[in-house]
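Inside the fold
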Amino acid sequence: MSVAKLRIYRGDAEGGQEVEYDVPIEEGMVVLDAIHFVQANYDGDIAVRWNCKAAKCGSCSAEINGMPKLTCKTRLDTLPLDKPITVHPLKTFPIMKDLVTDVSWNYEVRKKIPPFKYAKDTDWKMQQVDVERSQEFRKCIECYLCQDVCHVLRNHNKKNEFFGPRMMIKIAELEMHPLDIEDRKEMLREAAGVGYCNITKCCTEVCPEEIHITDNAIIPLKERVADTYFDPLQWVMKKIKGS
Amino acid sequence: MEKFETHTHDVIVIGAGGAGLRAAIEASTQGASVGLVCKSLLGKAHTVMAEGGVAAALANVDSKDDWKTHFHDTMHGGKLLNNWRMAQLHAQEAPERVRELEHWGALFDRTKEGNINQRAFGGHTWKRLAHVGDRTGLEMIRTLQDRGIHTGVDVYMECTITHLLKDGDRISGAFGYWRESGRFVLFNAKAIILATGGIGKSYKVTSNSWEYTGDGHALAYEAGADLIDMEFVQFHPTGMVWPPSVKGILVTEAVRGEGGILTNNKGERFMEKYDPERMELSTRDVVARSIYTEVQEGRGSPHGGAFLNISHRGAEYVKKKLPSMYHQFKEFAEIDITKEPMEVFPTTHYVMGGVRVDPETAQSTVNGLFACGEVAGGMHGANRLGGNSLSDLLVFGKRAGTGAAEYANKINNDVKVHDEEINNAVKEMLEPFENTEGENPYTVHQGLQDAMGDFVGVFRTKDKLHEGIEEIHILKERGSQLKIEGSRMYNPGWHLCKDLKSMLIVSEAIARCAHQREESRGAHSRVDFPNYNDEVWGTVNSVISKDSSGDMNLGTSPLPQMPEELKKIVEGGYK
């Protein structure tokens, strides 16, 4: 039986290092299977977050050979097995232990986004083609791989100024809901910091749900903000009307 | 003894899937102070994996549908062992609960008229399942999550409840630990709602996630509550079989709902033999047994399953209506389901049995202890219809929230937490660190999964069940002395020690109830008693409770009497 070498980061806030483990390869095996093998056979206390093991819950995010991925969805046979596979925790969030990071910032930010609001006389009729725009963003499994790879958060640590791609599609999902009447444009411009995104599309590339984060959410949101705050025609109209 | 933090709420909800979230929202809306405690991060609970839809007689697609037909279908699906009042409330209230989700921002797929679309599912007379492609559960949990965080519920994430606390005959709190630090935490509460889901991780081949270890069943049992109908474990007919890494992962019933066809290795559409009327859309118990039998008798697919084909619906349609299935097979099995058939085999999916509750309030037989969703028993009888679980958790989540808030409002503030209970809990939890000798919890868990699969699976016999019970007793012995490595910080091995105890309790309950029920009904198939025995077993629920000496007590209790007008609705034979 062939063997994969896994170099798993082990440590906590104080520091740590890679530890190498040999794992026998089974057909179709994914990185999370290999980590479970290590847990059951070598180190029972190795920390990894996971739930469904079917790419539906977005819990098992890690950086595999330097790339942000779901460990449950990354098959060993898609990786070069002639050298060790490195598995590290997400870099953008503080480490708790081993592969587990503290992602609570995402939950705090999300609370700040005003929820869905509808008009009193809503008749709840919606066409499929109209709900599909929002539905694309509602596929999000909150794995935070997009947050991890976003350089505004990862390299510049602008967590106080930019909500990150996950929250951009959350806002887009609400803004594009056919019956929503809440206005989140000022939040987008100010607190959520949509202007920080400079459209490198790294988030779109790592999204396991293949959501077009940049093209379908962030760019349209930027346009809405620009239309409201920076459109010269609207600016002139406002001046004339005195509002 | 070490110091630990304390939180005080009127109501503590344990579990943050659909049922727990719905219950927390309701209790909070009723004015109670609510703490929602979940083993994982918020939004990761097993509800995200529900795919096909939520059953509610909205009558948007088939205008003849109404609650009576839904009630009839549910009772027949459960082979009349359901708690009739739960089934009635469920059928009556599900449409309103679904519409309510829409008002909270859920976006279901639409009909041409712009209403919520509904699809066909096994055992449902009409097209009844409101859905979002094949990710309905995710839509529901996100909607409830959004609602929950904006209604003032305090969420305690990655926090595991290990013990319920009692003051005399009533609930006084819950004790547990933070996953990250391993430190203990006490919740003072007047009422507790269990919404912990199921037990699938007691089996090796399962569609369930790691959280499904029967925690709520075990907590209720330890607190003195009755469990009913534990022999009824649903094996979903279609789990993936290949490659080994994904064995057991769910293949949604929506594949059959959208026209998927099952065949054996001879190309025969074998459901013609087992249920010519309903074919692939027969109830789950029947389809699971049919696939199992085909494979047993040598007509299985290369990896030991049946073929399930949807490619005739065309690539565009399949990708649109079943996107997760398309990706799941493409990525995990290198199969393009728009061109080739899938291979499927039954997988442990759901437990119909659970905590015995009052249908109106969801209160268990212990004062102040409530249960809703999969951890509660009675609603689904001997077999659950697809789509009825998502509606169940909404209907009874809401009812449990109301029940617990009203209860908490009524009782005095003098419920006490007793030090002795806490000391015992701490001692039990720390044992695996202190044991100088003992077994690895992972090894014992594997042993339990093997035993449940081998002896308490799809088809059961007296001898096998007996062997299974013996094996579980040995595993209990092994599980009583575990040893683990490392510190208390985010230690999965330590966590498994407690989960294992819960799984051993529910496994014993399942095996012993299955041994007792000498007939076949719904998901419980006895080879030695292949027929219904309506006179003896069609009139009783199995009941499990912990007796005063700490042993597991097994018995039966008569089914509640159904009123005449409801009897008329369910008239006619069931299969």
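All residue numbers refer to positions counted from 1 along the written sequence of the respective chain. The lettering of chains begins at A and the numbering of ligands begins at 1, in the order of writing. Where local features are concerned, this predicted model is filtered to residues with pLDDT of at least 70; where side-chain atom pairs are given and counted, the filter is 80 or more; whole-chain, interface and lining totals use all residues. By convention in this description, side-chain values take in all heavy atoms of the structure and omit both hydrogens and water.

1. Some thoughts on the interface of chain B and chain A
When the parts of a complex come together, some accessible area is lost, and that lost area is often used as the size of the interface. Selection criterion: Here a residue-residue contact requires only that any non-hydrogen atoms of the pair lie within 4.5 Å. Buried area is understood as the total, over both parts, of accessible area removed when two parts are fitted together, assessed with a 1.4 Å probe. One side-chain nitrogen of Lys or Arg within 4 Å of one carboxyl oxygen of Asp or Glu is enough to make a salt bridge. Strands here mean DSSP runs of E at least two residues long; helices mean DSSP runs of H or I at least four residues long; both are numbered from the N terminus. Polar here means any residue other than Ala, Val, Leu, Ile, Met, Phe, Trp, Tyr, Cys and Pro, which are nonpolar, and Asp, Glu, Lys and Arg, which are charged; Gly is therefore polar.
Chain B puts 62 residues into the contact, and the matching count from chain A is 60 residues. Note on chain B versus chain A: buried area summed over both sides is about 5000 Å², and carbon and sulfur give 52% of it. The salt bridge partner of Arg75 of chain A is Glu334 of chain B, with a shortest N-O separation of 2.8 Å. Breaking the side of chain B that touches chain A down by element, the ones donating at least two residues are α3 (84-103), α4 (136-149), α10 (323-333), α13 (441-455) and α15 (492-516) of chain B. Per-class residue counts for the side of chain B that touches chain A are 24 nonpolar, 19 polar and 19 charged.

2. Things to note about the environment of Arg183 of chain B
Residue and element names in this part refer to chain B. Rules: Only protein chains enter the accessibility calculation, which uses a 1.4 Å probe; a residue is then buried when its area is under 20% of its type maximum, exposed when over 50%, and partly exposed in between.
Examined against the element boundaries, Arg183 turns out to sit in the loop between β8 (170-178) and β9 (184-194). Judged by its relative accessible area of 43%, Arg183 is partly exposed. With 305 residues separating them along the chain, Arg183 and Arg488 place their C-alpha atoms 7.5 Å apart. Excluding its chain neighbours within four sequence positions, the residues that come into contact with Arg183 are Glu2, Lys3, Gly176, Tyr177, Trp178 and Arg488.

3. A closer look at the side chain of Glu136 of chain A
All names here are of chain A. To be explicit about the condition: Just so you know, the count uses Lys and Arg for positive and Asp and Glu for negative, and it drops His and the chain ends. We call two N or O atoms a polar contact when they sit within 3.5 Å, provided that within protein one can donate a hydrogen and the other can accept it, with sequence-adjacent residues counted only if both atoms are side-chain atoms.
Summarising the element assignment, Glu136 is placed in helix α3 (residues 128-138). It turns out Glu136 is buried and unbridged, and the closest side chain with the opposite charge, Lys139, is 5.5 Å from it. A polar contact is formed between the side chain of Glu136 and the side chain of Asn216, at a distance of 2.8 Å. Not counting residues within four places of it along the chain, the set of residues in contact with Glu136 comprises Glu210, Ile211, His212 and Asn216.

4. Examining a nonpolar patch on the surface
Rules: Each patch groups residues whose relative accessible area exceeds 30% and which form no salt bridge, using 9 Å between like charges and 5 Å between nonpolar side chains of Val, Leu, Ile, Met, Phe, Trp and Tyr. Accessible surface area values rest on a Shrake-Rupley calculation with a 1.4 Å probe, where residue burial reflects the displayed protein chains alone.
The grouping of Trp235, Val236, Met237 and Ile240 of chain A at the surface amounts to a nonpolar patch, some 450 Å² of accessible area in total. Structurally, Met237 of chain A can be placed in helix α10 (residues 232-241).

5. A few points about the pairing of strand β5 (residues 85-88) of chain A
Residues and elements named next belong to chain A. Heads up, the rule is: Whether two strands pair comes down to DSSP finding at least two bridges between them.
Going residue by residue along β5, you find Ile85 and Val87 tucked away on one face and Thr86 and His88 left uncovered on the opposite face. Alignment of strand β1 (residues 3-12) against β5, held across three bridges, turns out to be parallel. Each residue of the ladder has a partner; that of Ile8, found in β5, is Val87.

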